[in-house]
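Inside the fold
Here's the letter readout for the chains.
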Amino acid sequence: MMRQTLMFAVYLLLLLVAQPGYSAVHEISFALPSNKLANKPSKHNGKILLLLPVPQKKLPLTSKLRLNATKQTIAANFKVLATWPSVKGQQYIRLLAIDINVTAANMRQLTLSWSSASHALNVEQLSEKEYHPRQLVYPSRAWLLQTILLHPAQTVASDWYLEPQKKYAHYVTNQALLRQKGYPAQKATQWLYDRPQAIYQLYLMSGDEQWLNKANALADFYINHIDENGIFKLKKRFDPKMLMPKGVLYRYLLSGDVKAKAALTRMFEKSLDWQASYRLTRGFWTERNQAAALNVAISYWELTGEAKALQRINELIDATVAMTFNPVNNWPLRGCPQHSFKAHEGWGDNSAACSPWMMALLGDALWRFYLLTEDQRAAALLDSFGDFVLNYGIYYGNERVKNIVIPKYIVSIDNPKQEELNQWTDPQHACDVAALLGKSTYIKQQNKQDDFLVKTLFSALLEQCAGSYLRLKQEQKSKREKHYWVLKPPRRFAWMYSTTSDLPWLKEKLLAYD
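We now turn to the structure provided with this report.

**Some remarks on the overall build of the chain**
Looking only at helices and strands, the chain features 19 helices and 13 strands. For 514 residues, the compact-globule formula gives about 24 Å, and the C-alpha radius of gyration of the chain, at 25 Å, lands near that figure. Over its C-alpha atoms, taken along the principal directions, the chain stretches across nearly 80 × 55 × 50 Å. Residues classed as buried in the chain amount to 56% of the 514 residues present. Taking the intrachain contacts of the chain between residues at least 6 apart in sequence as the baseline, contacts between residues at least 24 apart amount to 73%. Entry remark: accessible area of the chain is about 23300 Å², with carbon and sulfur atoms responsible for 51%. For the chain, the distance from the average site of its 63 positive side-chain charges to the average site of its 43 negative ones is 6 Å.

**What to know about the packing of helix H6 (residues 195-206) against helix H7 (residues 209-224)**
Relative to each other, H6 and H7 sit at 160 degrees, their axes nearing to 8 Å. One element, H6, and the other, H7, form an angle in the roughly antiparallel class. In this structure, the crossing between H6 and H7 has a hand that is left-handed. Two secondary-structure elements touch here, H6 through Arg195, Pro196, Ile199, Tyr200, Leu202, Tyr203 and Ser206 and H7 through Glu209, Trp211, Leu212, Lys214, Ala215, Asn216, Leu218 and Ala219. Split by residue class, the contact of H6 with H7 holds 10 nonpolar, two polar and three charged.

**Considering the sheet that holds strand E1 (residues 26-31)**
Strand order in this open sheet of four strands is E1-E7-E3-E4, and the pairing throughout is antiparallel. Where the open sheet ends on each side, the last strands, each with one partner, are E1 and strand E4 (72-74). Pairs of neighbouring strands in the sheet enclose a mean axial angle of 35 degrees, with direction left out of account. With six bridges joining them, E1 and strand E7 (residues 109-116) adopt antiparallel strand pairing. For glutamate 27, the partnering residue across the bridge sits in E7 and is serine 113.

**A closer look at the pairing of strand E2 (residues 47-53)**
On a regular strand, each side chain points to the face opposite its neighbour's, so the side chains alternate between the two faces of the sheet. Here E2 lies mainly inside the structure; six of its seven residues are buried. Across seven bridges, E2 lies against strand E6 (residues 93-101) in antiparallel orientation. Opposite proline 53, over in E6, you have leucine 95 as the bridge partner. Of the strand pairs in this sheet, E2 and strand E8 (residues 134-136) are connected by three bridges, and their pairing is parallel. The residue of E8 that forms the bridge with leucine 49 is arginine 134.

**Some words on the packing of aromatic side chains**
Taken as a whole and judged by the stated rule, the model has 18 aromatic pairs. Seen from their ring centres, tyrosine 161 and tyrosine 497 are 5.3 Å apart, and the 80 degrees between their planes marks the pair as edge-to-face. Note that tyrosine 161 is positioned in helix H4 (residues 159-172) and tyrosine 497 in helix H18 (residues 492-497), a separation of 336 residues in sequence. Exposure class is identical for tyrosine 161 and tyrosine 497. Each is buried. Summarising the aromatic geometry, the rings of tryptophan 367 and tyrosine 370 are spaced 6.2 Å apart at their centres and angled 25 degrees between planes, so their arrangement reads as stacked. Here tryptophan 367 pairs with tyrosine 370, and both are found in helix H13 (residues 356-373), just three residues apart, close to one helical turn. By relative accessible area, which is 2% here, tryptophan 367 ends up buried. Among the aromatic residues, ring-to-ring pairing joins Trp160, Tyr161, Phe493 and Tyr497 into one connected group. Between arginine 282 and the ring centre of tryptophan 274, over which it is positioned, the NZ or CZ distance is 4.4 Å. The ring of tryptophan 485 carries the charged tip of arginine 471 above its face, separated from the ring centre by 3.8 Å.

**What to know about helix H9 (residues 258-271)**
The terminal C-alpha atoms of H9 lie 20 Å apart, and with 14 residues this matches the ideal 20 Å at 1.5 Å per residue to within 8%. Among all positions of H9, only Val258, Ala260, Lys261, Ala263, Leu264, Met267, Phe268, Lys270 and Ser271 are buried. Those residues of H9 that are buried lie in contact with H7, helix H8 (245-255), helix H10 (287-304) and helix H11 (307-325). For H9, the side-chain oxygen to backbone nitrogen distance between the N-cap and lysine 259 is 2.9 Å, and the N-cap itself is aspartate 257.

**Examining the sheet that holds E6**
Within the open sheet, the four strands sit side by side as E5-E6-E2-E8. Their pairing is mixed. The open sheet has two edge strands with one neighbour each: strand E5 (77-83) and E8. The mean inter-strand angle of the sheet, taken between neighbouring strand axes irrespective of direction, is 25 degrees.

**Some remarks on the nonpolar core**
Within the largest apolar cluster, 142 residues are counted, with the highest numbers of intra-cluster contacts made by Trp191, Leu294, Ile313, Leu366, Phe458, Phe493 and Leu503. Looking at which element gives the most residues to this core, the answer is H13, with 12 residues. Setting aside anything within four residues of it in sequence, one finds isoleucine 313 in contact with Leu294, Ala297, Ile298, Trp301 and Phe369. The next biggest cluster of nonpolar side chains, apart from the first, holds 24 residues, and it includes Leu32, Leu67, Leu110 and Trp143.

**Considering H13**
With 18 residues, H13 extends 25 Å between its outermost C-alpha atoms, agreeing within 8% with the 26 Å of an ideal straight helix rising 1.5 Å per residue. The element H13 is extensively covered by neighbouring structure, given that 16 of its 18 residues are classed as buried. Just beyond H13, the residue with positive phi is glutamate 374, at close to 60 degrees.

**Concerning the pattern of salt bridges**
With the rule as written, the count across this model stands at 21 salt bridges. In this structure, the salt-bridge partner of glutamate 269 is lysine 308, at a minimum N-O distance of 2.8 Å. Separated by 39 residues along the polypeptide, glutamate 269 in helix H9 and lysine 308 in helix H11 bring together distant segments of the chain. Under the relative-accessibility criterion, glutamate 269 is labelled partly exposed at 35%. For aspartate 375, the salt bridge identified is with arginine 377, shortest N-O distance 2.9 Å.

Rules and cut-offs
- Residues numbered from 1 in each chain as written.
- Predicted model: local features only at pLDDT ≥ 70, side-chain atom pairs only at ≥ 80, totals over all residues.
- Heavy atoms only, no water.
- Helix = DSSP H or I, 4+ residues; strand = E, 2+ residues; numbered from the N terminus.
- Rg over C-alpha atoms; globule rule 2.2 N^0.38 Å.
- Buried < 20%, exposed > 50% of the residue type's maximum accessible area, 1.4 Å probe, protein only.
- Contact = heavy atoms within 4.5 Å.
- Areas by Shrake-Rupley, 256 points an atom, 1.4 Å probe, with all protein chains shown as cover.
- Lys, Arg positive; Asp, Glu negative; His and termini not counted.
- Charge placed at Lys NZ, Arg CZ, Asp CG, Glu CD.
- Axes fitted to C-alpha atoms, helices over the stretch in contact; angles between N-to-C directions.
- Parallel < 35°, antiparallel > 145°, perpendicular 65-115°, else oblique.
- Left-handed = near helix turned anticlockwise from the far one by under 90°.
- Nonpolar A, V, L, I, M, F, W, Y, C, P; charged D, E, K, R; others polar.
- Pairing = 2+ DSSP bridges.
- Phe/Tyr/Trp six-rings, centres within 6.5 Å; stacked < 30°, edge-to-face > 60°.
- Lys NZ or Arg CZ within 6 Å of the ring centre and 35° of its normal.
- Expected span 1.5 Å × (residues − 1).
- Polar contact = N/O pair within 3.5 Å; in protein donor to acceptor, adjacent residues only side chain to side chain.
- Core = buried A, V, L, I, M, F, W, Y, C linked by side-chain atoms within 4.5 Å.
- Salt bridge = Lys/Arg side-chain N within 4 Å of Asp/Glu carboxyl O.

Honestly, it's all geometry; don't read function into it.
So this is what it looks like as structure tokens:
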């Protein structure tokens, strides 16, 4: 009898779910930081603007939202500030603003629940008047990581990557120290490779809020130096490589700052001045500028979902595909976006060239688009980039640098005499080129291709990248640990860490069972 009753109950439940208008209720819980806002409502008239970033495919735009605290419904005004970009299909919320009054002293744990609705919520932005205290909230750090970095949430060993990064970060975020070393904030080259992005990623991966505050300060400085035409004002003329959008994107996704969105819009419009396609008679061309243009387009698309941004992304990727798989001048296939050495360096001949260091920048932009869309053009380029570095992009140091494998700055494929090899400084790019090789290996594994040689090279450069962690352990063992480590030039911090945040995950994913 009991079994029949249970079966009947299950039948009724299934019948209910099948009825039109029924929708399952989903929920997440997060805490209000009582030490910051909830304990002092009088300072902000009891109003708090909560900002909840949301991972992909979690919270549909067609949702009915409700906020609860200790089983009590809280009056709240919801605003969707950003949605996940989508080539097609259902739209999902990426950044949700929740405007509430904090009046109850026991309001510490809040629960957001949602069910499906017949109409979509409006996507808007905050007005200048809505600058009462804002608080970033999220259920867990793994949740927050997914909203920004995109790679799968997974607990991995990351001390080898994060602990040295913190030492360097204490230096590159200290303006007094930088000025003493001759690197004031007004020096344009300080901002190459997107330092705000790297510091935001340090916050996201470590959970230490001091880095969020420092990243915000860096991003604000950069945003305030983007003029009305989208040009970085510390340079006298437009320079595409000075367009660094990821830190600006993160600023918006973690704060809803309308200035960040406005700056990114101007940057996107100006970035269109960089021609996507390449021809042999063209003047200056580098993978770094192509990467900057692609990063701006992807970041703007992430923030707006606009068709013109996706069109620009497609133009840049298609042009890179053509350079790589149908190169000009009847150059044979080599697996990189071939262009002339003269176009890259401003001197030399018109033989084919590619830069492994700059391909790492371009590869990271392609990787982000692949993670957003699973675009197969991006995957094919990442696959071939790894082969190029393996076949053409490395050399070996002598015993003075322990006979290590070293990534080249530039490969002059048909005229190696033009190559610039420096076994003392070239190893500084072990981390970023390792990240490119890791992404290439990942794609090869997804496509069930032979990845042994590229993965072996990835492992070798990764070992070099982790060398600074051994230095840290030695300092700790000798009890001579310093609060910060100096980097020369300071922009090196950004090229080491802006495009490499996936390294701990890639190491775990690709090398855990070797």
